[in-house]
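Remarks on the overall topology
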Amino acid sequence: MPIERCREKHVNMSFKADEEGTAANVIRQINAKNAKIVAFLVVIGFCFYHGILHVRYGIDSCKWLLTDGRYKGDMEWQPYGCMMHQYSVKDTRRCFRYLSFWGRRNHFVFIGDTQVQLHYRALLHQLAGHKKSEAAFWSQAKSNQTLDVLPQSDHAFHDSLLGLHLEYMWQPYLTDNVTKHIRNWVKEGDPNVIIIGMGSWTIKSSINFEHSLNQFAVNLTRLAQALSLRREGKSRILWVPIPPIKESTEPDTTGSLQRLSNKHIDQLNKAAVEILEHSGAQVWWSLRLLAQGRLDESFGEAYPGYHTLSQTTQILLNAYCNDHMNFKDGTCCWSAEPYTSLQVVTYASLFVCMSIAIAMVLYRSYKGVYCKSNIKYAPLSTNLDLPGSGNPILNSNSGLDLLPMFFALSKLLLIMVFFYLCDRTSFFMKENKYYSPMSFWLPLAYMVVLGLFFTEESRYTKVLHREQTDEWKGWMQLTVMIFHMTNAKVVLPIYMHIRVLASSYLFLSGFGHFCYFWQRGEAGIVRFFQVLFRLNFLSIVLCLAMNRPYQFYFFIPLVSWWVLTIFVWLALPPRVSAMSSDGNPLQFLSLVLKFVGLISIITILYMSEVFFEKVFVTRPWKALFVTTDDDIHEWWSRWKLDRYSVSYGMMYALGLFLAQRHQLLDDRNHSNLMSPRLSLLAVLAAFCGLGGYIGFSILCHNPDECNEIHPYITFIPIISFITLRNISGILRTRYSTFFAWFGKISLELYVCQYHIWLAADANGVLVLVSGYPALNAIVTSFIYVCVAHEAHEITKVLMPYFVPSDWQKVLRNALLFTLVLVPIGIHDGMF
């Protein structure tokens, strides 16, 4: 018995060990490398999926706009697969004036019953808001949700300034006269848009519905034959289906005439869809879906309500204007942006790098099989303690091994192709962003819970140590991502708090670089170019590959500018460091004077916008600070918002070092920074600082006024948060590994979001899984994070090749890069 028990115990222990080993193996497989492999396979799968959709349903986003869509949670209409621009009166008139300027006659014809007349009047209201009769009509209709008796007659509107001619023909029945008119129009290719809709009167006036339906089908077939004569690229013909109704429960007292019912409406609409399917007309089915979602707002028995008519007018304008106006937030009926010669050269160069990498791998495989290689490899040491330093392979005989560089550039090519496919084509779908409290606060709560769950003890005890700053950058970047995806900028208090996060990043930049110089007394050329390369590599490649100006990634130029300012400021004499200032109080006076000079220069630039423009619009660096429209206003507005944040960070670092030197606080161990009494006062002051800024963001109602005050008070919530985060030894020495992981790739997350997570220059969101917003957000976020992590790794690998540790080689590479930019600058008119 004892032997059997021991054997049984041994078997159980072996079984448990096998289970634990299997679980450990599974956990070990959950890593960034395998996640990126899964993401790559998911991308390939969605490429096949969307390819099949395009083969089956076509790639015409106009068809998607006019056919399908859904209401979002806030009853905002979302077309299927594309983004709809909301046209103001100004946008509408600008569209027609632009087309008229180029010789196009804007001619719209509406033919049909009262429903079509309402669409005609809704377009009139959108175009001619100055017209008192239309404004009064729609104001009364919107408030009372009822319609006065509309005139059953023809109507026309003409505006020579817009080159616009609108016609409405009262035709409640589909007759040969209607077919004759349309046949003449489609042969001549005029008007531009013909909107036809009738059928409700056919139902209401019929005694025998089946007979009326058959007669309607015969007449519609004749119309379809006339529409088949339409010349390609000429008139767009839209058939308006009958919208659903709220059926009355009261008994029918008419006796002889039919009553409108959804059953008869559906039969009539079905006949229209089947007959017009292969004609030159398109059934405007999204109009029916719009009306179906707002039945409670309908006018009377079968007329869509005010909001439905407003949305259908927006759809009509998107279908007509988008391809000519090129609004960034309107991708419906939008032609893909043409590629440039610079893009061709960029992708061709990366393709050459990939070919070289494949050739090198094949050659080495051949050499490895058929001969022995005595090549030895050792890691290349780097002296830069930055989240961008890497360890490529060093060949003892020939220096740097070039295979890792070409292999990294090959992966970069695949990433750029994916970026282009997502954001410069209509291959993947795009949807408008919209804000709702639930869509913003719920993912933010999930993020906080996950961050708190993955907390660990840090090996550092210093204030704002490396792991803590990574954590800070991580949760800030995740919050900004949620802010961008949910369009929360429409809520001013949220926008103002996000402004503090942007200021915090610049604050940390000033703090970090000052600390590095203070402790080491070094502000060399190599470190400067390493920092610039880390910041700008991915952005510059995207500028070349995606045909976007440098200012498109506005925060990268902003941080780069302040990095340049910091290094120049630190390099200028007198250089004050911890070693030089020890026992020499005059060094601090020099430092104070340097701070005064820096802030004075910043203030002078701010006080004169004209002087500011003269400085930054000077060629050849003008191209770094202007948008595609040659406008510097964006750079000016963003620069002045955070003009003092870097200085705040450097002054805080100096104050922290002085406090440590004079033993006012101690962060060398796990205890609290200060005595209990001082700690309590500091905590109270920090809570007052945070509460004061929250109150300011709530009470301030004018965005311009808020932005004017923001630069002077932004240090208050930042230093308040730092105090609360570090005053306690327990909090200071613990950090969230979840947030810190994202913090290490925060730069790539910021840059990549513009193309493979958001869409249409960040005005919308990328859609891989249509109709399931939550699932789509999860899938696209997973792919996006994996791509950002891989871009981070590529930057680490390439840095030693482009920015060597020898300052002479660094200057050589900088000169070569400048020479590459010269022909690009000449082509773009920089010189």
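Rules used in this analysis
- Residues numbered from 1 in each chain as written.
- Predicted model: local features only at pLDDT ≥ 70, side-chain atom pairs only at ≥ 80, totals over all residues.
- Heavy atoms only, no water.
- UniProt positions renumbered as here; feature names shortened; annotations may be inferred.
- Helix = DSSP H or I, 4+ residues; strand = E, 2+ residues; numbered from the N terminus.
- Contact = heavy atoms within 4.5 Å.
- Axes fitted to C-alpha atoms, helices over the stretch in contact; angles between N-to-C directions.
- Parallel < 35°, antiparallel > 145°, perpendicular 65-115°, else oblique.
- Left-handed = near helix turned anticlockwise from the far one by under 90°.
- Nonpolar A, V, L, I, M, F, W, Y, C, P; charged D, E, K, R; others polar.
- Buried < 20%, exposed > 50% of the residue type's maximum accessible area, 1.4 Å probe, protein only.
- Arc of directions from axis to C-beta.
- Polar contact = N/O pair within 3.5 Å; in protein donor to acceptor, adjacent residues only side chain to side chain.
- Salt bridge = Lys/Arg side-chain N within 4 Å of Asp/Glu carboxyl O.
- Pairing = 2+ DSSP bridges.
- Patch = residues over 30% accessible without salt bridge, like charges linked within 9 Å, V, L, I, M, F, W, Y side chains within 5 Å.
- Areas by Shrake-Rupley, 256 points an atom, 1.4 Å probe, with all protein chains shown as cover.
- Disulfide = S-S within 2.5 Å.
- Expected span 1.5 Å × (residues − 1).
- Bend = angle between axes of the 7 residues up to and from the residue.
- Core = buried A, V, L, I, M, F, W, Y, C linked by side-chain atoms within 4.5 Å.
- Phe/Tyr/Trp six-rings, centres within 6.5 Å; stacked < 30°, edge-to-face > 60°.
- Lys NZ or Arg CZ within 6 Å of the ring centre and 35° of its normal.
- Lys, Arg positive; Asp, Glu negative; His and termini not counted.
- Charge placed at Lys NZ, Arg CZ, Asp CG, Glu CD.

An unreviewed UniProt entry annotates the protein as N-acetylneuraminate 9-O-acetyltransferase isoform X1 originating from Frankliniella occidentalis. Heading Subcellular location (unreviewed entry) of the UniProt record for the protein holds this comment: "Membrane".

Let's talk about the side chain of Lys36
Along the chain, the position of Lys36 falls in helix H2 (residues 32–57). Setting aside anything within four residues of it in sequence, one finds Lys36 in contact with Cys786, His789, Glu790 and Glu793.

Some words on the packing of helix H17 (residues 492–520) against helix H24 (residues 645–661)
Remark: H17 packs on H24, axes separated minimally by 7 Å, with the N-to-C direction vectors making an angle of 45°. Our classification of the angle between H17 and H24 gives oblique. Here H17 and H24 pass one another in a crossing that is right-handed. Across from Ser503, Leu506, Phe507, Gly510, Phe511, Phe514, Cys515, Trp518 and Gln519 in H17, the residues of H24 making contact are Ser645, Val646, Tyr648, Gly649, Met650, Tyr652, Ala653, Leu654, Leu656, Phe657 and Arg661. For the contact of H17 with H24, the class distribution of residues is 14 nonpolar, five polar and one charged.

Remarks on helix H26 (residues 703–713)
Of all the residues in H26, the buried ones are Cys706, Asn707, His710 and Pro711. Looking straight down H26, one finds that the buried residues subtend no more than 130° of arc, so they occupy a single side. Packing partners of the buried residues in H26 comprise H17, helix H23 (633–641), H24 and helix H25 (676–699). The distance from a side-chain oxygen at the start of H26 to the backbone nitrogen of Asp704 is 2.9 Å, and the residue carrying that oxygen is Asn702.

A closer look at unusual backbone geometry
Across the junction of Pro573 and Pro574, the peptide omega takes the value 0°, indicating a cis bond. By secondary structure assignment, the location of Pro574 is in the loop between helix H19 (555–571) and helix H20 (578–581). Cis peptide bonds are those with omega within 30 degrees of zero, and the linkage from Arg619 to Pro620 qualifies with 5°. Along the chain, Pro620 falls in the loop between helix H22 (609–616) and H23. If you check the backbone angles, Asn326 has positive phi at about 55° while not being a glycine. Following the sequence through the fold, Asn326 ends up in the loop between helix H12 (306–325) and helix H13 (341–370).

Looking at the pattern of salt bridges
The tally for this structure, following the rule as stated, stands at 24 salt bridges. Ionic pairing is found between Arg424 and Glu337, a salt bridge with its closest N-O pair at 3.9 Å. Pair noted here: Arg424 is in the loop between helix H14 (403–423) and strand E12 (429–432) and Glu337 is in the loop between H12 and H13, with a separation of 87 residues, a long-range link. Residue classification places Arg424 among the buried residues on the basis of a relative accessible area of 3%. The residue Glu790 makes a salt bridge to Lys411 at a minimum N-O spacing of 2.7 Å. Here Glu790 is found in helix H31 (residues 773–802), whereas its partner Lys411 is found in helix H14, with 379 residues between them in sequence. A residue is classified by how much of its surface remains accessible, and Glu790, at 13% relative accessible area, is buried. For Lys411, a relative accessible area of 29% corresponds to the partly exposed category. When salt bridges with common partners are traced through the structure, they connect Lys328, Glu337, Asp423, Arg424, Arg548 and Asp761 into a single cluster.

Details of the sheet that holds E12
Read from one edge to the other, the open sheet built from three strands follows the order E12-E16-E15, with strand pairing classed as antiparallel. The sheet terminates laterally at E12 and strand E15 (758–759), the two strands that pair on one side only. Examined bridge by bridge, E15 and strand E16 (residues 764–767) share two bridges and lie antiparallel to one another. Note that in E16 the partner of Ala759 across the bridge is Gly764.

Describing the packing of helix H21 (residues 586–607) against H22
As a packed pair, H21 and H22 sit with axes 5 Å apart at the nearest point and diverge in direction by 105°. The orientation of H21 with respect to H22, classified from their angle, is roughly perpendicular. Where H21 abuts H22, its residues Ile604, Leu605, Tyr606 and Met607 lie against Glu609, Phe611, Phe612 and Val615.

Observations regarding a nonpolar patch on the surface
A cluster of nonpolar residues, Ile37, Phe40, Leu41, Ile44, Phe48 and Leu414, forms a patch on the protein surface that exposes about 620 Å² of accessible area. Sort the elements by how many residues they give to the nonpolar patch and H2 lands first, with five residues. Here Leu414 lies in helix H14.

What to know about the state of the cysteines
As enumerated under the stated definition, the model contains four disulfides in all. Disulfide pairing places Cys82 opposite Cys332 at an S-S distance of 1.9 Å. Taking the sign of the S-S torsion, about 90° here, the bridge from Cys82 to Cys332 comes out right-handed. Taken together, the residues Cys82 in the loop between strand E2 (77–79) and helix H4 (89–101) and Cys332 in the loop between H12 and H13 connect sequence positions 250 residues apart. For the pair formed by Cys82 and Cys332, the shared burial category is buried. The disulfide pattern of the protein is 1-6, 2-5, 3-4, 7-8 when the bonded cysteines are numbered in sequence order. The cysteine Cys422 is free of any disulfide, with Cys47 supplying the nearest cysteine sulfur at 7.8 Å.

What about helix H18 (residues 525–546)?
Between its terminal C-alpha atoms H18 stretches 30 Å, which fits the 32 Å expected from 22 residues at 1.5 Å a residue. Helix geometry: H18 is bent most strongly at Asn536, by close to 50°. The element H18 is largely enclosed, with a buried count of 18 among its 22 residues. Downstream of H18 by one or two residues, Asn547 has phi in the positive range, about 55°.

Observations concerning the nonpolar core
Counting 149 residues, the largest nonpolar core has Met416, Phe419, Phe514, Tyr553, Phe555 and Trp639 as the members making the most contacts within it. It is H17 that contributes the most residues to this core, 16 residues altogether. When near neighbours in sequence (up to four residues on either side) are disregarded, Phe514 contacts Trp569, Leu570, Leu591, Phe595, Met650, Ala653, Leu654 and Phe657. Counting residues in each nonpolar core, the second largest holds 41 residues, with Leu65, Tyr168, Ile195 and Trp284 among its members.

Some words on the packing of aromatic side chains
Going through the model one piece at a time under the given rule, you end up with 60 aromatic pairs. Members of the aromatic cluster, each reached through a chain of ring pairs, are Trp561, Trp562, Tyr606, Phe612, Phe616, Phe625, Trp635, Trp636 and Trp639. Between Lys594 and the ring centre of Trp569, over which it is positioned, the NZ or CZ distance is 4.8 Å. Geometry around Tyr606 places Arg643 over its ring, the cationic atom sitting 3.6 Å from the centre.

Here we look at a negative patch on the surface
A grouping of Glu609, Glu613, Asp629 and Asp631 is seen on the molecular surface, where their side chains present a negatively charged patch. Relative to the helices and strands, Asp631 is located in the loop between H22 and H23. The class of Asp631 is partly exposed, set by a relative accessible area of 34%.

What about the sheet that holds strand E8 (residues 281–283)?
To summarise the sheet geometry, strands pair through backbone hydrogen bonds and adopt either a parallel or an antiparallel arrangement. The strand order across the open sheet formed by six strands is E4-E5-E3-E6-E7-E8, and the pairing between neighbours is mixed. Two strands lie at the open edges of the sheet, namely strand E4 (155–159) and E8, each paired on one side alone. Each strand axis lies, on average, 15° off the axis of its neighbour in the sheet, ignoring direction. The sheet contact formed by strand E7 (residues 236–239) and E8 spans three bridges and is parallel. Of the residues in E8, the one forming a bridge with Leu238 is Gln282. Where helix H10 (residues 262–276) meets the sheet, its contacts fall on E7 and E8, and the angle it forms with E8 comes to roughly 145°. Sheet contacts for H12: strand E3 (106–112), strand E6 (193–197) and E7; angle to E3, the most-contacted strand, approximately 145°.

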